[in-house]
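What follows is the residue order along each chain.
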Amino acid sequence: MNDTASFGYRDVDAAEKQGMVRAVFSNVASKYDLMNDAMSGGAHRLWKDQFVNRVKPRKDEHILDMAGGTGDIAFRMHRHGARVTVSDINPEMLAVGIERARKKGYEGLIWSEQNAEELTFGDRAFDAYTIAFGIRNVTHIDRALREAHRVLKYGGRFFCLEFSTTTWPGFADVYDVYSHRLVPKLGKLFAGDEDSYRYLIESIRRFPPMPKFESMIREAGFVNTKVEPILGGLVAIHSGWKI
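What you see is a predicted model, and the numbers here were worked out from it, not measured in a lab.

### Details of the UniProt feature "binding site: S-adenosyl-L-methionine" (unreviewed entry) in the chain
Per the UniProt record, "binding site: S-adenosyl-L-methionine" (unreviewed entry) is annotated on Thr70, Asp88, Asn115 and Ala116. As for its position among the elements, Asp88 is in strand E4 (residues 83-88). Excluding residues within four positions of it along the chain, Asp88 makes contact with Met66, Ala67, Gly68, Gly69, Met93, Leu94, Ser112, Glu113 and Gln114. On the accessibility criterion, Ala116 (7% relative accessible area) is buried. In this structure, Ala116 is in contact with Met66, Tyr129, Val138, Ala144 and Glu147, ignoring residues within four places of it in sequence.

### A few points about unusual backbone geometry
Despite not being glycine, Lys56 has its phi angle at roughly 55 degrees, a positive value. Note on placement: Lys56 falls in the loop between helix H3 (43-55) and strand E3 (62-66). Notably, Ala67 is not glycine yet its phi reads approximately 55 degrees, a positive angle. Its location among the elements puts Ala67 in the loop between E3 and helix H4 (72-78).

### Considering the nonpolar core
Membership of the largest hydrophobic core comes to 42 residues, with the highest contact counts inside it found for Phe25, Trp47, Phe51, Phe133, Leu161 and Val235. In this structure Leu161 touches Trp47, Lys48, Phe51, Ile131, Ala132, Phe133, Val235, Ala236 and Ile237, once residues within four positions along its chain are discounted. Core analysis: the second largest hydrophobic core is formed by 24 residues, Val138, Leu152, Phe207 and Met216 among them.

### Remarks on the pairing of strand E9 (residues 235-241)
Summarising burial for E9: 6 of the 7 residues are buried, a large majority. Examined bridge by bridge, strand E8 (residues 223-230) and E9 share 6 bridges and lie antiparallel to one another. By the bridge assignment, Val223 is partnered in E9 with Trp241. Connecting the antiparallel pair E8 and E9 is a turn made up of 4 residues, with Leu231 showing a positive phi of about 55 degrees.

### Comments concerning the packing of helix H6 (residues 141-151) against helix H9 (residues 210-219)
In helix packing, the relevant descriptors are the interaxial angle and the interaxial distance, both defined with respect to the helix axes. Axis separation between H6 and H9 bottoms out at 9 Å; the angle between their running directions is 50 degrees. Taken together, the axes of H6 and H9 lie oblique to each other. As for how H6 packs across H9, the hand of that crossing is right-handed. Taken together, the residues of H9 that come into contact with H6 (itself represented by Ile141, Asp142 and Leu145) are Phe213, Met216 and Ile217. For the contact of H6 with H9, a count of residues per class yields 5 nonpolar, no polar and 1 charged.

### Quick word on the environment of Arg198
Here Arg198 is to be found in helix H8 (residues 194-206). The exposure class assigned to Arg198 is partly exposed, which follows from its relative accessible area of 31%. For Arg198, the side chain forms a polar contact with the side chain of Glu194, separated by 2.7 Å.

### A few points about the pairing of strand E7 (residues 152-163)
Taking burial as the measure, the 12 residues of E7 include 9 buried ones, the bulk of the element. Of the pairings in the sheet, the one linking strand E6 (residues 126-132) to E7 comprises 6 bridges and is parallel in character. Following the sheet pairing, Phe126 is matched in E7 by Leu152. You can see the chain leave E6, run along H6 and come back into E7, and the turn it takes is right-handed. As paired elements, E7 and E9 share 7 bridges and run antiparallel to each other. Across the sheet, residue Phe163 finds its bridge partner in E9, namely Val235.

How each quantity is defined
Residues numbered from 1 in each chain as written. Predicted model: local features only at pLDDT ≥ 70, side-chain atom pairs only at ≥ 80, totals over all residues. Heavy atoms only, no water. UniProt positions renumbered as here; feature names shortened; annotations may be inferred. Helix = DSSP H or I, 4+ residues; strand = E, 2+ residues; numbered from the N terminus. Contact = heavy atoms within 4.5 Å. Buried < 20%, exposed > 50% of the residue type's maximum accessible area, 1.4 Å probe, protein only. Core = buried A, V, L, I, M, F, W, Y, C linked by side-chain atoms within 4.5 Å. Pairing = 2+ DSSP bridges. Axes fitted to C-alpha atoms, helices over the stretch in contact; angles between N-to-C directions. Parallel < 35°, antiparallel > 145°, perpendicular 65-115°, else oblique. Left-handed = near helix turned anticlockwise from the far one by under 90°. Nonpolar A, V, L, I, M, F, W, Y, C, P; charged D, E, K, R; others polar. Polar contact = N/O pair within 3.5 Å; in protein donor to acceptor, adjacent residues only side chain to side chain. Right-handed = clockwise from strand over helix to strand, strands pointing away.

In structure tokens:
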């Protein structure tokens, strides 16, 4: 039986998903941040600020920001003095981030094209591992979590910011209508790409609920795991430690 993976609401051959996701982000790279603003009303900026506050990046520590192509998380941590390696499987997303860093005058960031499931970094290379709005696009989430654990030093910390499923009554229904009906239309309006944004919304619906994802983080070897829901779980910050 072929290994399958979810691509939005469809199940596809797992070997094909990586290329399909790469095509989505190649299509949206140049408009990615504009669309984040349009889809969240700018709230993603506050969520990312909150996320980095939880990470507590420190001067000169080494942090791997996975799926961090456009630099939003990396720039915030860089301002704290951390030595950040920005990795993404998509070179177009990395190109956007590199250009943004140049315009902002941010120097010292390392940019590396990487597959989250098969990192080329050595064991115990980083003090922290961050991934924001990226892990749901990975074909085999369990492999990516094991790789995150592998490249962290003992005492290293894992932080993930990801969409989930809100538990607030009423709000969930409103968001469901908004996301399925309006977000693809916004994608067509702002980025000329309705299908890619339909996939992004569908990928959120297929992502494991908060308790399940936390258990996957524990199964990868992390301890002291924690979930911090935002807007009832519309977005959640997951964390764990390697000891």
